[in-house]
Amino acid sequence: MLLIDAHCHVSPLWFEPVETLLFQMDRHNVAQAVLTQILGQFDNRYQRDCVARYPDRFVSVGAIDPAAPDAVHQLGMLADDGAAGLRLRPDARSPGDDPLAIWRAAERHGLVISCGGPSAQFVSPAFADLIGSVPNLPIMLEHLAGWVRPDCDRKPETWTALLALARFPNITVKIPALGQLIARPVGQPLPASGPVLDPAGGAPLIELLDAFGPDRLMWGSDFPVVSSREGYANALGWTRDVFEQHRPASVAAIFGGNAARIFFQRKA
């Protein structure tokens, strides 16, 4: 099975350099990864250089300031520089007459959007209108569409509204590692063997699979943040175990095939 990590971060200034990610990938047979720019960081040179050094292993999802007067021009330069995608918040808007100019420009350049933000913004009418305005723009909703973020209210109606985003064919959801869904009880000893977290806690992932289908989900480790939780190996293994009763073709799509199609083949 081709394994691709669809959401990870590298930097020599924050988190870890790319060599640390490669160590984890090689240990666990992860063939490729999507380097996703840190929120608020608009200097994409390090990710560009990582892709140049390891063109068969990485693609870059860069970032620009969407509110900058020349944001559309910057986006064009990012695309010309080989980026596969652009990271935006769901409420990102452009100055001037067209508030969706940055989104439309990404669509024209054939980029993929990695979209990170709170669930409340993803389920808003404004975001639904945005999605409908750029029907040919692939939009990846990070961190289970914000469900695992601390600012999510975790209300049933919010979850239902997130599942309803499956009505938009250009929406794909990045599923998180199991450690983002289930907190380990602090102060309790680890078990002698077996998983620390109960795979039954991954039930939302199965609901998501039922709503979106296997071709619109993709796994991302959130490296290196995952190293402060369950660790890279468990982020892959435990999350994959959640889907062990499903068709091998579905598991292969979620853990590699979809990212290959959307990020790597699109770039080629």
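Throughout what follows, the structure given in this document is the object of discussion. For clarity, every value in this text was computed on a predicted model and none was experimentally measured. (Residues numbered from 1 in each chain as written. Predicted model: local features only at pLDDT ≥ 70, side-chain atom pairs only at ≥ 80, totals over all residues. Heavy atoms only, no water.)

Another point: helix H3 (residues 71–80). Residues of H3 that are buried include every one of Ala71, Leu75, Gly76, Leu78 and Ala79, and no others. Taken around the axis of H3, the buried residues stretch over an arc of 160°, which confines them to a single face. Exposed side of H3, more than 90 degrees from the buried face: His73 and Asp80 are the residues found there. Looking one or two places after H3, you find Gly82, whose phi comes out positive at around 100°. (Buried < 20%, exposed > 50% of the residue type's maximum accessible area, 1.4 Å probe, protein only. Helix = DSSP H or I, 4+ residues; strand = E, 2+ residues; numbered from the N terminus. Arc of directions from axis to C-beta.)

The next thing to look at is the environment of Arg104. Inspection of the secondary structure assignment puts Arg104 in helix H4 (residues 101–108). We classify Arg104 as partly exposed; its relative accessible area is 29%. Residues Arg104 and Leu130, 26 residues apart in the sequence, show an inter-C-alpha distance of 9.8 Å. Filtering out sequence-adjacent residues up to four positions away, Arg104 remains in contact with Asp98, Ser133 and Val134. In this structure the side chain of Arg104 is engaged in a polar contact, spanning 2.8 Å, whose partner is the side chain of Asp98. (Contact = heavy atoms within 4.5 Å. Polar contact = N/O pair within 3.5 Å; in protein donor to acceptor, adjacent residues only side chain to side chain.)

Moving on: the pairing of strand E1 (residues 4–8). Of all five residues in E1, five are buried; the element is thus mostly enclosed. Sheet topology places E1 next to strand E2 (residues 32–36); three bridges connect them, and they run parallel. Paired with Cys8 across the bridge in E2 is Leu35. The handedness of the E1 to E2 crossover, carried by helix H1 (residues 18–27), is right-handed. (Pairing = 2+ DSSP bridges. Right-handed = clockwise from strand over helix to strand, strands pointing away.)

Moving on to the environment of Gly117. The residue Gly117 is located in the loop between strand E5 (112–115) and helix H5 (119–122) in this model. As for Gly117 and Arg89, which are separated by 28 residues in sequence, their C-alpha atoms are 5.6 Å apart.

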